[in-house]
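Here is how the chains run, residue by residue.
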Amino acid sequence: QEDKMDRLSAARERFKQDLFATEQTGVVLEAVDKDYARCSMRVEARHMNANGVVMGGALFTLADLAFAAAANEQQPLTVSLTSQITYLNPGQGKVMYAEARAVKSGKRNCTFIIDVTDEKGVQVAVVISTGARIG
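What you are looking at is a predicted structure, and each value in this text was computed from that prediction instead of being measured.

Calculation notes
Residues numbered from 1 in each chain as written. Predicted model: local features only at pLDDT ≥ 70, side-chain atom pairs only at ≥ 80, totals over all residues. Heavy atoms only, no water. Core = buried A, V, L, I, M, F, W, Y, C linked by side-chain atoms within 4.5 Å. Buried < 20%, exposed > 50% of the residue type's maximum accessible area, 1.4 Å probe, protein only. Helix = DSSP H or I, 4+ residues; strand = E, 2+ residues; numbered from the N terminus. Contact = heavy atoms within 4.5 Å. Pairing = 2+ DSSP bridges. Axes fitted to C-alpha atoms, helices over the stretch in contact; angles between N-to-C directions. Phe/Tyr/Trp six-rings, centres within 6.5 Å; stacked < 30°, edge-to-face > 60°. Salt bridge = Lys/Arg side-chain N within 4 Å of Asp/Glu carboxyl O.

### So, the nonpolar core
Within the largest apolar cluster, 33 residues are counted, with the highest numbers of intra-cluster contacts made by Leu62, Met96, Phe112, Ile114 and Val116. Within the residue set of this core, elements represented by two or more residues are helix H1 (2-15), strand S1 (27-33), strand S2 (36-42), helix H3 (56-71), strand S4 (95-105), strand S5 (109-118) and strand S6 (123-133). Excluding anything up to four places from it in sequence, valine 116 contacts Leu59, Leu62, Ala63, Tyr97, Ala98, Val122, Gln123, Val124 and Ala125.

So, in structure tokens, the structure goes:
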């Protein structure tokens, strides 16, 4: 339990400089482990689009920080190469979550699936991100 809290503290310290995600969008890193991370975002008026649902860019930012935290937990120098997001359902909840899990975590590259859900468990989007290990 203490090791997980140390990992989370270290990840929060590292990604607090990701100001767009943390300050502008309000993404919070909730959990991090080897090849895994979970983030949340409390939905506010600033996240909404003209149709009254959460803007795709806000959802992508949430998923992107989850990917970054998961991919860099063990390997400190991983950068994103590609990301594809598929929107499945309108983001209408009060809190959105992104859980990143590794499909492949190799020495040179990695691929993660990031599930974006609301607090009711409705899947809002799925993201597949591939990163390059440059360290």
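### A short note on the sheet that holds S1
Spatially, 6 strands are ordered S1-S2-S4-S5-S6-S3 in an open sheet, and the strand pairing comes out antiparallel. Among the strands making up the open sheet, the edge pair consists of S1 and strand S3 (78-87). On average, adjacent strands in this sheet sit at an angle of 20° to one another, irrespective of strand direction. By the bridge criterion, 6 bridges tie S1 to S2 in an arrangement that is antiparallel. When the sheet's bridge partners are listed, leucine 29 is paired in S2 with cysteine 39. The strands touched by H3 within the sheet are S1, S2, S3, S4, S5 and S6, with S5 carrying the most contacts at an inclination of about 135°.

### Points about the packing of aromatic side chains
Centre-to-centre distance and the angle between the planes together describe a pair of aromatic rings. Taken as a whole, this structure holds 1 aromatic pair when the rule is applied. Relative to phenylalanine 112, the ring of phenylalanine 67 has its centre 5.5 Å away and its plane inclined at 80°; by these criteria the two rings are edge-to-face. Of this pair, phenylalanine 67 sits in helix H3 while phenylalanine 112 sits in strand S5; the two residues are 45 residues apart in sequence, bridging distant segments of the chain. Taking the relative accessible area as the measure of exposure, phenylalanine 112 reaches 0% and is therefore buried.

### Quick look at the pattern of salt bridges
For the structure on display, the rule yields 8 salt bridges. Across the salt bridge formed by arginine 7 and aspartate 33, the nearest N and O atoms sit 2.2 Å from each other. Within this pair, whereas arginine 7 is found in helix H1, its partner aspartate 33 is found in strand S1, the two being separated by 26 residues in sequence. Judged by relative accessible area, which is 23%, aspartate 33 ranks as partly exposed. Lysine 16 is paired through a salt bridge with glutamate 13; the nearest N and O atoms lie 3.1 Å apart.

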